[in-house]
Amino acid sequence: MISFDGQVWRLQNDSFTYSIALFGRQVAHLGMLPAGSAMALSSEAVRRRWELLPSEVYLNVNDEGLEYCHNARYLRPRASERAVYKEYYVQTHWDYAELVILLLDELSGAQIELHYRLYNRSPGLSRFTVVRNVGEGPLKLNHVSSFTMHNFPYQPKNEGVDELYLHSFPSQWDYEAEHRRDSFAQLGLYPSCCRKAFHVESNSAWSSGEYIPTFAVEDPASGLTWAVEIEHSFAWRFELSAGGLEGEHYYYMQGGCGDTRHAGWSVTLPPRGSFEMPAATLAVAPGGLDEALNALHTHQFEVFLRQNDLARALPVVYNEYISSGGNADEASVREQIPYAQNMGAEYFVIDSGWYAAKGTGDARSEWWLTVGDWEAPCERWPHGLAETVRAIRRSGMIPGIWLEPECLGSLSKAFHDPGLPRMTAGGKPVEDDNRRFLNLADPRAREYLDGVVDRLVEMGFGYFKFDFNSDFFPGCDNAEGSPVHGGLLHVRAYAAWLRGLRRRYPDILIESCASGGMRMDYGLLSCADLVSISDQGDIGCLANLFFSVSRVVHPLQMGNWSLLYPQQNEEQLGLSLINSMLGRMTLGGEVTRLKPGQMERIQRATALYKGYRSQLAQNPRVYHLTPDLAQYVNNGILALEVSCRSGEHVLLAVWRLNTAETGVCLKLREIDRDAAYRVCEFPSGAEWTVPGSELADGLALTLPCENSGRLLWLQKQEKQAEPKRPGQEG
């Protein structure tokens, strides 16, 4: 519901109330609180704080300075200081309602549209900003915020606010989304005389190469946590700091795409030109980090994932890369087909190297330097790639294939093709590690890729793994602004191309990959069925990665490796299988060398997964029951609860990694104390019944050795049953 009483706009649903006030001709942020919250500020307190800070947008234009002591903070740009309220309107759609507030800076000619989108089933608020040039001359944009939040925690310090905490997710190749919880004091964000900011810029074509664009602020005193995800796949910025110099205990945060000062971004709008900032989704929840990020998960599910066919969600995928190492050919693929089929795989993905002519160097040089042409050479496929596709289909699996659509390797014909629109800077092709890049902002590049995909779909492929292993930052020349803006236009065109593929071929599955999880942002994940979360090859690290990444990526999109090797003992194999059984189950390894007992355990894992995946597909909630472990060390026990259908089905994964600890006692979060639960355990296969009170008060589990794991599927029973333990008769 959206309302306006002449002074305050309120956006309300079952989860929150977001309030904006009109003070004279200025628009100010009041707060975002859970629905029904008793917390409130007096109008005088709001006015006092608003006088120190602008509210709902930060806009800097034409290389103007700022109006405030800022240091690293991007506070009080002049254009947004001058902008005054003009009007508002509400528009409705079948799936959402949207408030649009219009401001105008008459001096520069910048008309600012503040967009607030309430989706029908989402607990999140989607925000973005549009700037239009209504003046007579050019308008250069240097900084535009997609969102701001001011004045939180919405109470002065003397009203009971204690310490606040920032949750962030530093990320790098093979160690994605490590969780940090830092107090504002640890960050140097003091409530008075503070000119410091915690600010993160993603200055790379890998949007999550250093941080995941998801952040949360926790206020233990009020029991509330606010979270935001920036849905942008290129240079982005997040900023958190104290608001003023007057000693009041309140803070602000803002974010959007990177700006001129920190990322080199700018765009110049001609008269009547416009630019739309990337969206950001805000959420607030009573409780801690899990509650706030589960609200973002629900937003992801309701807004992005419902476009997918969830009835066929979560197939078991086999990817042959671990076996071939980027050197796939007809013989190796055909050898693996019966093994993948026997394990229970439903998709068989041919990974990198299938297009490379043999004899050009080692396997990596071949697959790395020959991307771009996407033709299957006869020396790799003597009977033609189409015949191997038919063999996969005859086995009952759907074929998948790997592409790196944005890249052109130096040994490909496309690398030198003058007819293909490529990224250029200063008149020269943009290059990185012997590769150039298509410029997908040019429709001819998209048409070229359409032809590649059309041919492969016609051949019989139904799954596409789109990878990105290079970096074209800062971007490329374009007609509108900086090279960074050229890169922004490219990634937006790439996302639009992916959405177009989905419309043309609704039955295909799309996996997003960027050297593993280097593009885990919802600018791109909104266009994909799943994401490869890491290139990590250690099974213990992969367990820790799944635990960490499940905070920022919806489980329905998490593709994690279950690595299968003949030298693994039973416990190691079980742990590795569990690594992907709470998300998108993805198998890979030296499958032709596995022992019969190992194959039997894999079959039981895939059968169990197929038994509960229809429940997992119903927007599960995720709870992290143990403290985080450093990903490089993995010295402890991890436990993750995934609750489906409001606790009707609960999946519990427990991993014992590098530790002498043998057991753990866990209090599950979404359990009916008065019910009984049927338990199916993997890898033992044991089944028993347990009362809900025991699960809620403390479930004791013992793991026999390092690098072992257990997965429990708990099914709520209709009536309380007599508890039975493993080994009891009946």
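Relevant structure appears above.
These numbers come from a predicted model, not from an experiment.

The next thing to look at is empty space enclosed by the protein. Under the counting rule described, the total for this entry stands at 6 cavities of 30 Å³ or more. Every residue lining the largest cavity is listed: Val317, Asn319, Tyr463, Lys465, Glu511, Leu530, Ser532, Gly559, Asn560, Trp561 and Thr586. Of all the secondary structure elements, the ones that give two or more residues to the lining of the largest cavity are strand 22 (317-319), strand 29 (463-466), strand 31 (530-532) and strand 32 (558-564). Sorting elements by how many residues they give to the lining of the largest cavity places strand 32 first, with 3 residues. Residue composition of the lining of the largest cavity, by class: 4 nonpolar, 5 polar and 2 charged.

Our next topic: the sheet that holds strand 35 (residues 637-644). Taken in spatial order, the 6 strands line up as 34-35-36-41-38-39 in an open sheet, and their pairing is antiparallel. Strand pairing shows two members of the sheet lacking a second neighbour, strand 34 (621-624) and strand 39 (687-691), which therefore form its edges. Each neighbouring strand pair of the sheet contributes to a mean axis angle of 25°, computed without reference to strand direction. Sheet topology places strand 38 (residues 676-682) next to strand 41 (residues 708-716); 6 bridges connect them, and they run antiparallel. When the sheet's bridge partners are listed, Tyr677 is paired in strand 41 with Lys716.

Another aspect to go through is unusual backbone geometry. Note the cis peptide between Phe473 and Pro474, where omega equals 15°. Its location among the elements puts Pro474 in the loop between strand 29 and helix 10 (483-504). Omega for the peptide link from Phe682 to Pro683 comes to 15°, which places this bond in the cis form. Within the element layout of this structure, Pro683 appears in the loop between strand 38 and strand 39. Although it is not a glycine, Asn62 sits at a positive phi angle of roughly 50°. Of note, Asn62 is situated in the loop between strand 5 (59-61) and helix 2 (78-82). Unlike most non-glycine residues, Asn619 shows phi in positive territory, near 55°. One can find Asn619 in the loop between helix 13 (596-616) and strand 34.

Once that is clear, we can look at the layout of surface pockets. With a probe scaled to a water molecule rolled over the atoms, the places where space remains empty come into view. Considering only enclosed or pocket space, the largest pocket measures out at about 920 Å³ in volume. Every residue lining the largest pocket is counted, 33 residues in all, and those nearest its centre are Phe304, Arg499, Tyr522, Gly523 and Ser526. When residues of the lining of the largest pocket are traced back to their parent elements, those giving at least two are strand 8 (110-119), strand 9 (125-133), helix 4 (289-304) and helix 10. For the lining of the largest pocket, the element with the highest residue contribution is helix 10, accounting for 6 residues.

Next up on the list: the environment of Pro566. Note on placement: Pro566 falls in the loop between strand 32 and helix 12 (570-578). If we ignore the near neighbours within four places in the chain, the residues touching Pro566 are Glu590, Arg593, Leu594, Lys595 and Gln598.

We now examine the environment of Phe348. Structurally, Phe348 is set in strand 23 (residues 347-350). With 115 residues separating them in the primary sequence, Phe348 and Tyr463 have C-alpha atoms 8.7 Å apart. With residues up to four places along the chain from it excluded, the contact list for Phe348 reads Tyr318, Glu320, Val333, Gln336, Ile337, Ala340, Ile392, Met397, Ile398, Pro399 and Gly400.

Checked against the element boundaries, His490 lands in helix 10. Excluding residues within four positions of it along the chain, His490 makes contact with Glu406, Met423, Leu438, Asn439, Leu440, Ala441 and Phe472.

Taken as a whole, this structure holds 42 salt bridges when the rule is applied. Glu590 serves as the salt-bridge partner of Arg593, at 2.3 Å between the closest nitrogen and oxygen. Among the residues examined, Glu590 registers a relative accessible area of 26% and is labelled partly exposed. The network of salt bridges with common partners includes Glu201, Arg237, Glu239 and Asp259.

Look at helix 6 (residues 330-343) against helix 13: their axes get within 8 Å of each other, and the N-to-C directions meet at 55°. In terms of orientation, helix 6 and helix 13 fall into the oblique class. Contact with helix 6, carried on its side by Tyr339, Asn342 and Met343, involves Met599, Ile602, Gln603 and Thr606 of helix 13 and no other residues of that element. Split into classes, the residues belonging to the contact of helix 6 with helix 13 amount to 4 nonpolar, 3 polar and no charged.

Thresholds applied
Residues numbered from 1 in each chain as written. Predicted model: local features only at pLDDT ≥ 70, side-chain atom pairs only at ≥ 80, totals over all residues. Heavy atoms only, no water. 1 Å grid on protein atoms, 1.4 Å probe; cavity = no way out; pocket = protein on both sides within 12 Å on 5 of 7 lines; lining within 4 Å. Points joined across faces, edges and corners; volume = space filled by probe spheres on them. Helix = DSSP H or I, 4+ residues; strand = E, 2+ residues; numbered from the N terminus. Nonpolar A, V, L, I, M, F, W, Y, C, P; charged D, E, K, R; others polar. Pairing = 2+ DSSP bridges. Axes fitted to C-alpha atoms, helices over the stretch in contact; angles between N-to-C directions. Contact = heavy atoms within 4.5 Å. Salt bridge = Lys/Arg side-chain N within 4 Å of Asp/Glu carboxyl O. Buried < 20%, exposed > 50% of the residue type's maximum accessible area, 1.4 Å probe, protein only. Parallel < 35°, antiparallel > 145°, perpendicular 65-115°, else oblique.

Nothing here speaks to function; it is geometry throughout.
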